[in-house]
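Spelled out, the chains give:
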Amino acid sequence: MDYVAQFHRETEALEAAVRRELATGGEQAPLVPSCPGWSLSDLVMHLGSVQRYVIRLIEERALSQPDSTDLTFLRFPGDAEGWPHPEQAPNRGRLPVGLLDWYVDGAARLERLFATRDPREPVWTWSSEQTVGFWQRIQAIEAAVHRWDAENAVGKPGPVETLLAADAVTHTFRVMAPFRRALQRAPLGSGERMRFRQSDGAGIWIIQFEGDEILVNEGTACCDVELTATASDLMLFLWQRVPADHLEVRGDRSLLDRYFTLVPPV
């Protein structure tokens, strides 16, 4: 998959959604329903900061986690009046034009890095995969999720592109879910099985919870619950953007509550 092209498409769409909101001349940044406690300004600040952190890692070819107290990589402009402060979220003041310009500049810089670096190049990540390619994939996915969030804040959000969404489902189960479950001390599994079925393609993911492990497409036992939806809705469900009511659910729905900690947050 061309993650660089996916990243480009999603970051452009997010910019377009925010510019539409700016064109209304609203006195308050709208809240983001899918990110409780955030306004659209907070969302732009979050994603722009994450992208600039990844820029720092790749530009410096970092092989270990950098000093978390050094925030010069954010490159805030001299005049940042009215910009959101994370500790004060939700920041409801007028959405600053300069904030969006800062985001766009960072996204373009990151895209150029993604396009010119070998995906196999070593770089620090929070995962076991320590490559530039890891960041290409997760940043394309995160851009898609937050593009959906931004559109959701200002109107009707469009679905995530099918191939990227299906890939994000796989990524959730193999990368994000084990990471989040370890952080959250999620309940241990005892063989519970879930089937996620893609209604707009051939994707099928069978997930089994064994102790603190998540087994993907292993074993032959019957599933306790099955969820069917488009790849986009499956992905958005796993990222806590849409409820299970958006999916066709058969079987033991209580397992969705028990194992909802497999879902990565914002």
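Everything numeric in this text was worked out from a predicted model, so none of it was measured.

Asker: Could you clarify how one ought to interpret unusual backbone geometry in this entry?
Answerer: Working note: non-glycine residues mostly have negative phi, and peptide bonds are mostly trans. Pro 90 follows Ala 89 through a cis peptide bond whose omega is 0 degrees. Following the sequence through the fold, Pro 90 ends up in the loop between helix 2 (40-59) and helix 3 (97-116). Unlike most non-glycine residues, Arg 75 shows phi in positive territory, near 55 degrees. Among the structural elements, Arg 75 can be located in the loop between helix 2 and helix 3.

Asker: Hey, could you run me through the confidence of the model for the chain in this one?
Answerer: The predicted coordinates ought not to be read in detail in places where the model reports low pLDDT. Per-residue confidence for the chain gives a mean pLDDT of 92; residues scoring 70 or more make up 97%. The element-level mean pLDDT for the chain is lowest in helix 7 (residues 254-258), coming to 80, with helix 4 (residues 132-154) highest at 98.

Asker: Looking at this structure, I do not really get the pattern of salt bridges. What am I missing?
Answerer: A side chain with one charge may pair with a side chain of the opposite charge, provided their charged atoms come close. Within this structure, the stated rule accounts for 18 salt bridges. Through salt bridges with shared partners, a single network forms among Glu 10, Arg 147 and Glu 151.

Asker: How should the packing of aromatic side chains be read in this particular structure?
Answerer: Aromatic ring pairs are defined here through the distance separating the ring centres and the angle between the ring planes. Scanning the model with the defined rule gives nine aromatic pairs in all. Each ring, one from Phe 76 and one from Trp 83, has its centre 5.8 Å from the other, and the planes form 85 degrees; the classification is edge-to-face. Joined through ring pairs, the aromatic side chains of Trp 126, Phe 134, Trp 135 and Phe 179 make up one cluster.

Asker: What's the story with the packing of helix 4 against helix 5 (residues 162-184) in this structure? I'm lost.
Answerer: Helices that pack against each other are described as a pair by the angle of their axes relative to one another and the distance between those axes. Close contact between helix 4 and helix 5 brings their axes to 10 Å; oriented N to C, the two are set at 115 degrees. Between helix 4 and helix 5 the crossing geometry is left-handed. Contacts from Phe 134, Arg 137, Ile 138, Ala 140, Ile 141 and Ala 144 of helix 4 reach helix 5 at Leu 164, Asp 167, Ala 168, Thr 170, His 171, Val 175 and Met 176. Among the residues forming the contact of helix 4 with helix 5, the class breakdown is nine nonpolar, two polar and two charged.

Asker: What am I meant to see in the side chain of Ser 39 here?
Answerer: Note that Ser 39 resides in the loop between helix 1 (3-23) and helix 2. With residues up to four places along the chain from it excluded, the contact list for Ser 39 reads Ala 29, Pro 30, Leu 31, Val 32, Pro 90, Asn 91 and Arg 92.

Asker: I'm lost on helix 2 in this one. Help?
Answerer: Because the α-helix completes a turn every 3.6 residues, residues three or four places apart line up on one side. Helix length check: helix 2 (20 residues) gives 28 Å between terminal C-alpha atoms against 28 Å at 1.5 Å per residue, within 8%. In terms of burial, helix 2 is a largely internal element, 16 of the 20 residues being buried. Within two residues after helix 2, Arg 61 carries a phi angle of roughly 50 degrees, on the positive side.

Asker: It is not clear to me how the sheet that holds strand 2 (residues 204-211) should be interpreted in this structure. Could you clarify?
Answerer: What links the strands of a sheet is backbone hydrogen bonding, and the strands pair in either a parallel or an antiparallel sense. With respect to topology, five strands assemble into an open sheet ordered 3-2-1-4-5, the strand pairing being mixed. Whereas interior strands pair on both sides, the edge strands pair on one side only; in this sheet they are strand 3 (213-216) and strand 5 (248-251). Pairs of neighbouring strands in the sheet enclose a mean axial angle of 20 degrees, with direction left out of account. Across four bridges, strand 4 (residues 225-229) lies against strand 5 in antiparallel orientation. Looking across to strand 5, one finds that Thr 228 is bridged to Glu 248. Each of strand 1 (189-198), strand 2 and strand 3 is contacted by helix 5, which is oriented at about 5 degrees to strand 2, the strand it contacts most. In the packing of helix 6 (residues 231-238) onto the sheet, contacts are made with strand 1, strand 2 and strand 4, and the angle to strand 1 comes to roughly 145 degrees.

Rules used throughout
- Residues numbered from 1 in each chain as written.
- Predicted model: local features only at pLDDT ≥ 70, side-chain atom pairs only at ≥ 80, totals over all residues.
- Heavy atoms only, no water.
- Helix = DSSP H or I, 4+ residues; strand = E, 2+ residues; numbered from the N terminus.
- pLDDT = per-residue confidence, 0-100.
- Salt bridge = Lys/Arg side-chain N within 4 Å of Asp/Glu carboxyl O.
- Phe/Tyr/Trp six-rings, centres within 6.5 Å; stacked < 30°, edge-to-face > 60°.
- Axes fitted to C-alpha atoms, helices over the stretch in contact; angles between N-to-C directions.
- Left-handed = near helix turned anticlockwise from the far one by under 90°.
- Contact = heavy atoms within 4.5 Å.
- Nonpolar A, V, L, I, M, F, W, Y, C, P; charged D, E, K, R; others polar.
- Expected span 1.5 Å × (residues − 1).
- Buried < 20%, exposed > 50% of the residue type's maximum accessible area, 1.4 Å probe, protein only.
- Pairing = 2+ DSSP bridges.

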